[in-house]
Amino acid sequence: MNHKMTRKPLVTIAAVAFFALPATTFASLGGNVGTVEADRAQMKAAQLRIIRTNAYTFHEMQSPAGVTIREYYGADGTVFGVSWQGPWPPDMRQLLGQYFERFQRANEASRTTRRARGVLVINDGTLVVQVAGRTRSFSGFAYAPGLLPAGVQPNVIR
Amino acid sequence: MLAAQAASSKCDRSSSSTTATNVLPVVVNAGPTNNALNQLFATVTFCVPGTTNCQTISGILVDTGSVGLRVLSSVLTPSLPQQTGAGGAPVVECLPFVDGFTWGPVKTADVKIAGETASGIPIQVIGLDQFPTIPSGCSSQGTSEETLSDLNANGILGVGLFNEDCGLGCALAGASNPGLYYTCPASGCVVTTQPVASQVQNPVSHFATDNNGVVIQLPTVATGGAASISGTLTFGIGTQSNNALGGAKIFTLDNNVNFATIFNGQTYTSSFIDSGSNGIFFLDSATTGLPACMNSTGFYCPAVLTPLSATQRGLNSVSNVVSFNAGNVDRVNATFSVLAEATGSNPGGFDWGLNFFYGRTVFTAIAGRSTPGGAGPFWAY
């Protein structure tokens, strides 16, 4: 958890989407590692570092707007999780890729229950998303449980 | 007749001295949707600038986690003037919240709260009635919150840590702009640069006095909950006898406007206090051993009331131990809107929501504003 201390003050990747990204298709979550580099290039994000463990690797990048994003992938190159921290949320459509519409549906469905407000918790079995924060300070992560490499616990995605 | 009026006026004056002009009564109750839990509501008056064409609206969420006044179009009657930007086109905002975004035009209002007035400030009118097409750059944030049932409130009174919602980032062109503000000519909405002073403003910053922050005071709530409670939202910090810091501990904040919370020997730096969160949200079931609720999404539901303790610590190393309980939110009386032991998950750290305010007097100081305890931003209690 202490890695959060190293993250920097920030602004959002959404800006990049607004200003620099036309209708390019991204598939970060569930996509292949190749899309990590595509994401980075399209966002004009700076590569901060690449961390490798035996079971998985993550790329950490920072958009010009200052959002720090991590994309986690296993040996087969499939992105199984993403995380972010910055003053505003990232472009969720870009980051969640093929899972974005599922995210929207689950979010709307959760509004029918007496639920936590001020944090967002989604877990429909196929997609897990957690978001916390407030004006000018957001953080969150998302992963697809079915894509977790063997032996990798979801709490590595932070 | 004259005598009677004078008497009544005198009577009003004496009653207003017991409720000072900087104090607004607030409630935690079921709210306009009749199902709220741990949501703090206030009543706010919206006026067409410079006129007596006003509307007083209750059920406005008091949110120290956001900045700026927002109201649902569906409950607002007066026709407020539309803010215009480049080429005279209307300005519309897309403001991200944790669980969605609010989309709607920026309009100008005189805002009256308790005895305070913020004249001619930009506010957001939430709704799709005037600008029904949400641009893709906004909808890519997730899910819109445009209706009463989405928002669970008639509006949001954002009295958080800043003078305006976005800041310099939205005023600058280029990739560093987060793209929250749009101009929407007939041809469609495009991201615009929005000067800081034209952004949706913290009303408190615009009061003539008592403009450096807010104080929220709420009573202690017994285990098991309550139907409703009443408290106060007081404007200003150290500006009057009723908003002095006294012996309150002051917690300064890091670059992400967070402080730290230490729990079971681990330090979580992405932690914060937020009246707009309806529980104390921290870590996850795997770390805490507290099971998630079956029905109340996002909350913990331990079988028995579970006492817990954590230490809050500011950037200035001021710290305080906070004791709290985790209870079973699914089992709370469905007619209760107040529950001190509402807790839930937030893997990044600790979100000290409204129930942290129960039994406390909590100060939220605005960035760059001076107080007797130093300049904001800070939290104190």
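The model shown is predicted, which means the values in this text are computed figures rather than measured ones.

Grouped burial of nonpolar side chains is what soluble globular proteins tend to show. Ranked by size, the top nonpolar core spans 67 residues in total, and within it Phe282 and Trp352 of chain B carry the most contacts. Excluding residues that lie within four positions of it along the chain, Phe282 of chain B makes contacts with Phe263, Thr288, Leu290, Tyr300, Leu308, Phe324, Thr343, Gly344, Ser345, Asn346, Gly349 and Phe350 of chain B. Membership of the second largest hydrophobic core comes to 40 residues, among which are Val67, Trp88 and Ile122 of chain A together with Val106 of chain B.

To continue, consider the pairing of strand β5 (residues 119–123) of chain A. For a regular strand, side chains alternate in direction, first toward one face of the sheet and then toward the other. Residue and element names in this part refer to chain A. Counting buried positions along β5 gives four out of five residues, so the element sits mostly inside the fold. Inspection of the sheet shows β5 paired to strand β6 (residues 128–134) by five bridges, in the antiparallel sense. When the bridges of β6 are listed, Ile122 appears paired with Val129. In textbook terms, the turn of a hairpin is the stretch between consecutive antiparallel strands, and for β5 and β6 this stretch comprises four residues, one of which, Gly125, has a positive phi near 95 degrees.

All names here are of chain B. Scanning the model with the defined rule gives five disulfides over all chains in all. Residue Cys47 pairs covalently with Cys54 via a disulfide, S to S 2.1 Å. Judged by the sign of its S-S torsion, about 105 degrees, the bond between Cys47 and Cys54 is right-handed. On the basis of relative accessible area, Cys47 is assigned to the buried category, the value being 0%. Relative accessible area serves as the criterion here: at 33%, Cys54 is assigned to the partly exposed category. Each disulfide pairs two cysteine sulfurs, and for Cys184 the partner residue is Cys189, the sulfurs being separated by 2.1 Å. Between Cys184 and Cys189, the S-S dihedral sits near 115 degrees, and the bridge is therefore right-handed. For Cys184, a relative accessible area of 6% corresponds to the buried category.

Attention now moves to the confidence of the model for chain A. Taken residue by residue, chain A gives an average pLDDT of 80. The fraction at 70 or more is 82%. Counting interchain partners and residues more than four positions distant, the pLDDT-below-50 stretch residues 1–27 of chain A has 101 contacts.

Right, let's talk about empty space enclosed by the protein for a bit. In this structure the tally under the stated criterion is five cavities of 30 Å³ or more. As for the largest cavity, its lining consists of 18 residues, of which Leu61, Asp63, Phe97, Asp99 and Gly276 of chain B are closest to the centre. Breaking the lining of the largest cavity down by element, the ones donating at least two residues are β6 of chain A together with β3 (54–63) of chain B. Tallied by class, the residues present in the lining of the largest cavity amount to five nonpolar, seven polar and six charged.

This part is about the layout of surface pockets. Summary: where empty space remains is shown by rolling a probe the size of a single water molecule over the atoms. Taken as a whole, the largest pocket holds about 530 Å³ of empty space. Lining the largest pocket are 28 residues; nearest its centre among them are Val121, Asn123 and Gln130 of chain A together with Ala292 and Ser345 of chain B. Going through the elements one at a time, α4 (100–110), β5, β6 and β7 (137–143) of chain A together with α5 (285–288) of chain B are the ones with two or more residues in the lining of the largest pocket. Looking at which element gives the most residues to the lining of the largest pocket, the answer is β5 of chain A, with three residues. Of the residues that constitute the lining of the largest pocket, the class distribution is 14 nonpolar, 12 polar and two charged.

What follows is about the packing of aromatic side chains. Under the defined criterion, the tally for this structure stands at 24 aromatic pairs over all chains. Ring geometry for Tyr72 of chain A versus Phe80 of chain A: centroids 6.3 Å apart, planes at 45 degrees, classification tilted. A single burial state applies to Tyr72 of chain A and to Phe80 of chain A, both of which are buried. Directly above the ring of Phe162 of chain B sits Arg136 of chain A, whose terminal nitrogen or CZ lies 3.8 Å from the centroid.

This part takes up the interface of chain B and chain A. With 72 residues of chain B at the interface, the matching set in chain A holds 49 residues. Counting each side, the surface lost to burial between chain B and chain A is near 4,800 Å², with a carbon and sulfur contribution of 52%. Connecting chain B to chain A are three salt bridges. Salt-bridge contacts for Arg136 of chain A lead to Glu164 of chain B; the nearest nitrogen and oxygen are separated by 2.8 Å. For the pair chain B and chain A, the interface holds 23 residue pairs in polar contact (both at pLDDT 80 or more). Of all the secondary structure elements, the ones that give two or more residues to the side of chain B that touches chain A are β5 (91–97), α2 (136–139), α3 (148–151), β15 (266–273) and β20 (346–352) of chain B. Sort the elements by how many residues they give to the side of chain B that touches chain A and β15 of chain B lands first, with five residues.

About the thresholds
- Residues numbered from 1 in each chain as written.
- Chains lettered and ligands numbered in written order.
- Predicted model: local features only at pLDDT ≥ 70, side-chain atom pairs only at ≥ 80, totals over all residues.
- Heavy atoms only, no water.
- Core = buried A, V, L, I, M, F, W, Y, C linked by side-chain atoms within 4.5 Å.
- Buried < 20%, exposed > 50% of the residue type's maximum accessible area, 1.4 Å probe, protein only.
- Contact = heavy atoms within 4.5 Å.
- Helix = DSSP H or I, 4+ residues; strand = E, 2+ residues; numbered from the N terminus.
- Pairing = 2+ DSSP bridges.
- Disulfide = S-S within 2.5 Å.
- pLDDT = per-residue confidence, 0-100.
- 1 Å grid on protein atoms, 1.4 Å probe; cavity = no way out; pocket = protein on both sides within 12 Å on 5 of 7 lines; lining within 4 Å.
- Points joined across faces, edges and corners; volume = space filled by probe spheres on them.
- Nonpolar A, V, L, I, M, F, W, Y, C, P; charged D, E, K, R; others polar.
- Phe/Tyr/Trp six-rings, centres within 6.5 Å; stacked < 30°, edge-to-face > 60°.
- Lys NZ or Arg CZ within 6 Å of the ring centre and 35° of its normal.
- Buried area = accessible area lost by both parts, 1.4 Å probe.
- Salt bridge = Lys/Arg side-chain N within 4 Å of Asp/Glu carboxyl O.
- Polar contact = N/O pair within 3.5 Å; in protein donor to acceptor, adjacent residues only side chain to side chain.

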